[in-house]
Amino acid sequence: QVQMVESGGGLVQAGGSLRLSCAASGRTFSRSPLGWARQVPGKEREFVAAITSSGGSTYYADPVKGRFTISRDNAKNTAYLQMNSLKPEDTAVYYCAVRKLPIRYTRINEYDYWGQGAQVTVSS
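Below you will find a few notes about this structure. Every value quoted in this text rests on a predicted model; they were computed, and no experiment measured them.

Conventions used here
- The written sequence of each chain sets the order in which its residues are numbered from 1.
- Local features in this predicted model are restricted to residues whose pLDDT is 70 or higher, and side-chain atom pairs enter the listing and the counts only when it is 80 or higher, whereas totals over whole chains, interfaces and linings include all residues.
- The basis for the side-chain values is all heavy atoms of the structure; hydrogens and waters are excluded.
- Under the DSSP-based scheme used, a helix requires at least four consecutive residues in state H or I and a strand at least two consecutive residues in state E, with every element numbered from the N terminus.
- When we talk radius of gyration, it's over C-alpha atoms, and the globule rule is simply 2.2 Å times the number of residues to the 0.38.
- When accessible area is computed with a 1.4 Å probe and restricted to protein chains, residues below 20% of their type maximum are described as buried, those above 50% as exposed, and intermediate ones as partly exposed.
- By definition in these notes, contact holds between two residues if any of their heavy atoms fall within 4.5 Å.
- The Shrake-Rupley method, run with a 1.4 Å probe, gives the accessible areas here. Residue values count only the displayed protein chains as cover.
- When charges are counted, neither His nor the chain ends are considered; positive counts come from Lys and Arg and negative counts from Asp and Glu.
- For this purpose, a charge sits on NZ of Lys, CZ of Arg, CG of Asp or CD of Glu.
- Pairing between strands is defined by DSSP: at least two bridges between them are needed.
- Note on definitions: angles span 0 to 180 degrees between N-to-C directions of axes, and those axes are lines fitted to C-alpha atoms, for helices only across the stretch in contact.
- As used in this record, nonpolar core signifies buried Ala, Val, Leu, Ile, Met, Phe, Trp, Tyr and Cys residues forming a set joined through side-chain atoms within 4.5 Å.

### Let's talk about the overall build of the chain
Okay, step 1: For the chain, the helix and strand inventory stands at zero helices and 11 strands.
Okay, step 2: Taking 2.2 N^0.38 as the reference for a compact globule, 124 residues should give roughly 14 Å; the C-alpha atoms of the chain span a radius of gyration of 13 Å, in line with that estimate.
Okay, step 3: In terms of overall dimensions, the chain has a C-alpha envelope of 40 × 25 × 25 Å along the principal axes.
Okay, step 4: Looking at the chain as a whole, 43% of its 124 residues qualify as buried.
Okay, step 5: Excluding contacts between residues fewer than 6 apart, the proportion of contacts in the chain whose partners are at least 24 apart in sequence is 58%.
Okay, step 6: As displayed, the chain offers around 6400 Å² of accessible surface, 46% of which is attributable to carbon and sulfur atoms.
Okay, step 7: Across the chain, the centroid of the 15 positively charged side chains sits 6 Å from that of the 9 negatively charged ones.

And the structure:
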């Protein structure tokens, strides 16, 4: 079992930046693909970004390509989501998650273990 805790959310003006962190417990973190998702009230959770266990490959949803960067430090059992050029439509609760199998990285709802979420609010 892996437990995930997000941090780094907050309020930022449009055009600003935030970095989310995801600290994980458990010895399987370094072998697990990791993803970030976001959700706004009344809408389904949506895929944002994913990274393979080694960090060698990354995947992004179209709305965040070129603005967000996913990374991980397996020695620290931590992953990051650097968010630049933020827009009001990026406002959401952001979740990190890991999955057991190294397949279908963008199918975020298939991930197995989730954090509690971090609120990101972008003001216009």
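### Some remarks on the sheet that holds strand E1 (residues 3–7)
Okay, step 1: Taken in spatial order, the four strands line up as E1-E3-E8-E7 in an open sheet, and their pairing is antiparallel. The strands lining the two open edges of the sheet, one partner per strand, are E1 and strand E7 (68–73). The sheet shows a mean angle of 15° between the axes of neighbouring strands, direction not considered.
Okay, step 2: Judged from the six bridges that link them, strand E3 (residues 18–25) and strand E8 (residues 78–83) form a sheet pairing that is antiparallel. Looking at the pairing, Ser21 lines up with Tyr80 of E8.

### Regarding the nonpolar core
Okay, step 1: Ranked by size, the top nonpolar core spans 36 residues in total, and within it Leu34, Trp36, Leu81, Met83 and Tyr94 carry the most contacts.
Okay, step 2: Every element with two or more residues in this core is listed here: E3, strand E4 (34–39), strand E5 (46–51), E7, E8, strand E9 (92–98) and strand E11 (118–123).
Okay, step 3: Non-local contacts of Leu81, meaning those with residues more than four positions away in its chain, are made with Leu18, Arg19, Leu20, Trp36, Val48, Ala49, Phe68, Thr69, Ile70 and Tyr94.

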